[in-house]
Amino acid sequence: MKKLFLLLMVFAATMPLTARAQVASLDTLLVHVRELSSSTYEGRLAGTDAFLSAADYVIEALERYGVEPYGDEWGQYFETECNLIENCTFNSYLHSSDNRTVYVLGRDYCCAGMTGRGYADASVVFCGYGIDNGAFDEYANVDAQGKIVVVFSGVPNFLPSNVTSKYTQIRDKARVAKAHGACALVVINMSANCSPYEVQGSVYNGELPHLATFPIIQPTRDCGDRLLKDELMNLEEVFQKINDSQKPQSFHLRKKFEIETNTTYTPAALTANVIGVYPGADSKMRGEYVVVGASLDHVGMQGTTCLFPGADDNASGVAALLETARMLQMSEDQPSRSVLFVLFSSGEQQHLGSRIFVSNFSPLKKIEAFVNVDKVGSGDSIAVLGNKRYPHLWSVAKKVDTLYCSGDVMVGTKTTPKGDAVAFDYIGIPCINITNFKGYRHPHVPSDIVENIDRRYIVKATQLLFETVLDLSFGEYQGRSNESKRVRFDK
Ligand SMILES: [Zn+2]
């Protein structure tokens, strides 16, 4: 008994009680996730007013938690490509156009994020993966002129990557189909990370120019199966045959398709990162920053029936960031360095927002560390990525996890920073990602809803984020010298 008491005394003396005293609130986290993933914000598509409304919600929360705008205003404005999909219809018919099979937007198919606006009522040709390379030409023995082309998403792994790299993105496939005279493209989603029964939204469709009048839709694999039923080959057969024979298996369908897409495309729509600062308590260290960042945007909404809520991706990370701000405000131990909170826009477009941030934030040398929080509402444990590049920063997270959290952080992996952290890594700012590990279930699908958020892991990840940020703020970790071999600071 006495021993246990002594042990407790030692334990208590080695731990800053106040840091432990703040516990992440599941209720508060879920309020944020529920709000941000609601239809009010229409899937938070960067470049829309709905995204800016979500940004306003985040700003109001940050203000409540004692965070101030960095500079004159909260927003760091920039331009982004934006395609509003107002409506889309899709049906097929065999002999008579009076007898149509109607497919439902959001259930059977969705549009490619960067679909053009247009109408097509035409015969259909299946062209495998949509490749027209000389050695593997899936357009060679069919006539796509004036037709709707159906292809699989992705590329076959039996072809070398220097061939397939030109056909990986939806815009690559669209460019090829259009060049062969097609009037619309149907890309069956073969992605293994998505259920065959669920549509999968996208924003980034590749670097090629927008095809303003060329409709592109993406049926589920299940819907693709129905589209190819009663044709020359069914979906599984043709998939197998292409991969076994390693030869094109293109054919004309007996069915016709009718597709209509209504969209408003803006090449340079206004959007903004939100940047707030929680001033450090130490007058000497206040000019140094620990940056916490999360992507706020998601892949939007199509028509009135297809909402991508993005609860895990990434309302969960935004909620963890906001809850960290609330916990800092409540904490007796105040951060010595200032903590900068950044919500990125256009994360779904190759992390444009984080690239804009590092290109325009002037005291880059004053950033000691960047901690990204992304998709922390699913999986089977929490991962901290980046130990291969920034072992000292990573070990801070590991230390606080052992001391104050659950000890669930992945160990022994050699990972590099990902997602929004890549822009920071590129210029040598020490960075890590706190994210889910294994079993990620919500890749841009309508079922990424608040009810499917893993309650345990979102709390654990938030606790880890808060403790890591507070520890980093005290100044023991010196980003620029601890990781000096890697730090470049070009700016
Ligand atoms: Zn995403």
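Every value quoted in this text rests on a predicted model; they were computed, and no experiment measured them.

J.: Just to check I follow, could you spell out the coordination of the zinc ion for this structure?
T.: Metal coordination angles in their ideal form are 109.5 degrees for the four-donor tetrahedron and 90 or 180 degrees for the six-donor octahedron. Looking at the zinc ion, the protein donor atoms are Asp313 (OD), Glu348 (OE), Glu348 (OE) and His444 (NE2), and they sit 2.1 to 2.7 Å from it. Here the zinc ion is ringed by four donor atoms whose angles at the metal span 51 to 152 degrees, and the overall shape comes out irregular. Mapped onto the sequence, the residues coordinating the zinc ion show the spacing D-x34-E-x95-H. Of this pair, Glu348 sits in the loop between strand S15 (338-344) and helix H10 (352-360) while His444 is found in the loop between strand S18 (431-437) and helix H13 (455-473), placing the two residues 96 residues apart along the sequence.

J.: I keep staring at the pairing of strand S5 (residues 118-126) and nothing clicks. Help me out?
T.: Relative to strand S11 (residues 251-278), S5 is paired through eight bridges, and the arrangement is antiparallel. What sits directly across from Gly118, in S11, is Thr261. Where S5 lies against strand S8 (residues 148-152), three bridges are found, and the strand directions are parallel. If you follow Val124 over to S8, its bridge partner there is Ile148.

J.: Explain the packing of helix H3 (residues 26-36) against helix H4 (residues 49-64) to me, please; I cannot follow it from the model alone.
T.: Between two packed helices, both the angle of their axes relative to each other and the distance between the axes serve to describe the pair. Their axes nearest at 11 Å, the elements H3 and H4 cross at an angle of 160 degrees. Between H3 and H4, the angle is such that the two are roughly antiparallel. Of the two possible hands of crossing, H3 and H4 adopt the one that is right-handed. Residues Val31, His32, Glu35 and Leu36 of H3 form the contact with H4, whose own contacting residues are Ala54, Tyr57, Val58, Ala61 and Arg64. The residue makeup of the contact of H3 with H4, split by class, is six nonpolar, one polar and two charged.

J.: Quick question: what am I supposed to make of the nonpolar core here?
T.: Burial of nonpolar side chains together is a common tendency in soluble globular proteins. In terms of nonpolar packing, the biggest core is built from 83 residues, with Leu62, Phe341 and Phe357 touching the most fellow members. Residue contributions to this core peak at 10 residues, all from helix H9 (residues 311-330). With residues near it in sequence (within four places) discarded, Leu62 still touches Val67, Trp74, Val274, Leu321, Leu322, Ala325, Phe341 and Leu343.

J.: How should I be thinking about unusual backbone geometry in this particular structure?
T.: A cis amide bond, omega -5 degrees, links Asp313 with the succeeding residue Asn314. Its identity is not glycine, yet Ser346 carries a phi of approximately 55 degrees, on the positive side. With respect to the helices and strands, the residue Ser346 is situated in the loop between S15 and H10. With a relative accessible area of 0%, Ser346 lands in the buried category. Backbone geometry at Lys375 places phi at a positive 50 degrees, although glycine is not the residue there. Its location among the elements puts Lys375 in the loop between strand S16 (367-374) and strand S17 (381-385). Judged by relative accessible area, which is 17%, Lys375 ranks as buried.

J.: Just checking my understanding: could you explain helix H6 (residues 170-179) for this structure?
T.: Judged by how many residues are buried, H6 sits mostly within the fold: seven of 10 residues are covered. On its buried face, H6 is in contact with strand S2 (75-93), strand S6 (132-133), S8, strand S9 (184-188), strand S10 (216-219) and S11. Two residues or fewer past H6, Gly181 is found with a positive phi of approximately 95 degrees.

J.: I keep staring at the confidence of the model for the chain and nothing clicks. Help me out?
T.: Detail in the predicted coordinates should be disregarded across regions flagged by low pLDDT. Confidence in the prediction for the chain averages 92 pLDDT; 94% of positions are at 70 or higher. Low pLDDT, under 50, characterises residues 1-19; the stretch is placed with 12 contacts to residues that sit more than four places away or in other chains.

J.: Could you clarify how one ought to interpret the pairing of S9 in this entry?
T.: Regular strands show a simple pattern: their side chains alternate between the two faces of the sheet. Of all five residues that make up S9, five are buried, and the element is covered over most of its length. Residues Ala184, Val186 and Ile188 line one face of S9 and the alternating positions Leu185 and Val187 line the opposite face, and both faces are buried. By the bridge criterion, five bridges tie S8 to S9 in an arrangement that is parallel. Bridging from a neighbouring strand, Ile148 pairs with Ala184 of S9. Sheet analysis places S9 next to S10, joined by two bridges and oriented parallel. Within S10, the position partnered with Val186 by the bridge is Ile217.

J.: Quick question: what am I supposed to make of the layout of surface pockets here?
T.: Over the atoms rolls a probe the size of a water molecule, and in doing so it shows where empty space is left. Approximately 940 Å³ is the volume found for the largest pocket. As for the largest pocket, its lining consists of 39 residues, and the residues nearest its centre are Asn193, Gln200, Glu348, Pro443 and His444. Of all the secondary-structure elements, those providing two or more residues to the lining of the largest pocket are H6, H9, S16 and S18. Split into classes, the residues belonging to the lining of the largest pocket amount to seven nonpolar, 23 polar and nine charged. Mapping the lining of the largest pocket onto the domain boundaries places at least three of its residues in each of domain 1 (17-82 + 266-482) and domain 2 (87-263).

What counts and what doesn't
Residues numbered from 1 in each chain as written. Predicted model: local features only at pLDDT ≥ 70, side-chain atom pairs only at ≥ 80, totals over all residues. Heavy atoms only, no water. Donors = N, O, S within 2.8 Å, 3.2 Å for Na, K, Ca; no water. Tetrahedral: all angles 85-135°; square planar, octahedral: opposite > 155°, others 65-115°. Helix = DSSP H or I, 4+ residues; strand = E, 2+ residues; numbered from the N terminus. Pairing = 2+ DSSP bridges. Axes fitted to C-alpha atoms, helices over the stretch in contact; angles between N-to-C directions. Parallel < 35°, antiparallel > 145°, perpendicular 65-115°, else oblique. Left-handed = near helix turned anticlockwise from the far one by under 90°. Contact = heavy atoms within 4.5 Å. Nonpolar A, V, L, I, M, F, W, Y, C, P; charged D, E, K, R; others polar. Core = buried A, V, L, I, M, F, W, Y, C linked by side-chain atoms within 4.5 Å. Buried < 20%, exposed > 50% of the residue type's maximum accessible area, 1.4 Å probe, protein only. pLDDT = per-residue confidence, 0-100. 1 Å grid on protein atoms, 1.4 Å probe; cavity = no way out; pocket = protein on both sides within 12 Å on 5 of 7 lines; lining within 4 Å. Points joined across faces, edges and corners; volume = space filled by probe spheres on them. Domains from an automatic or database assignment.

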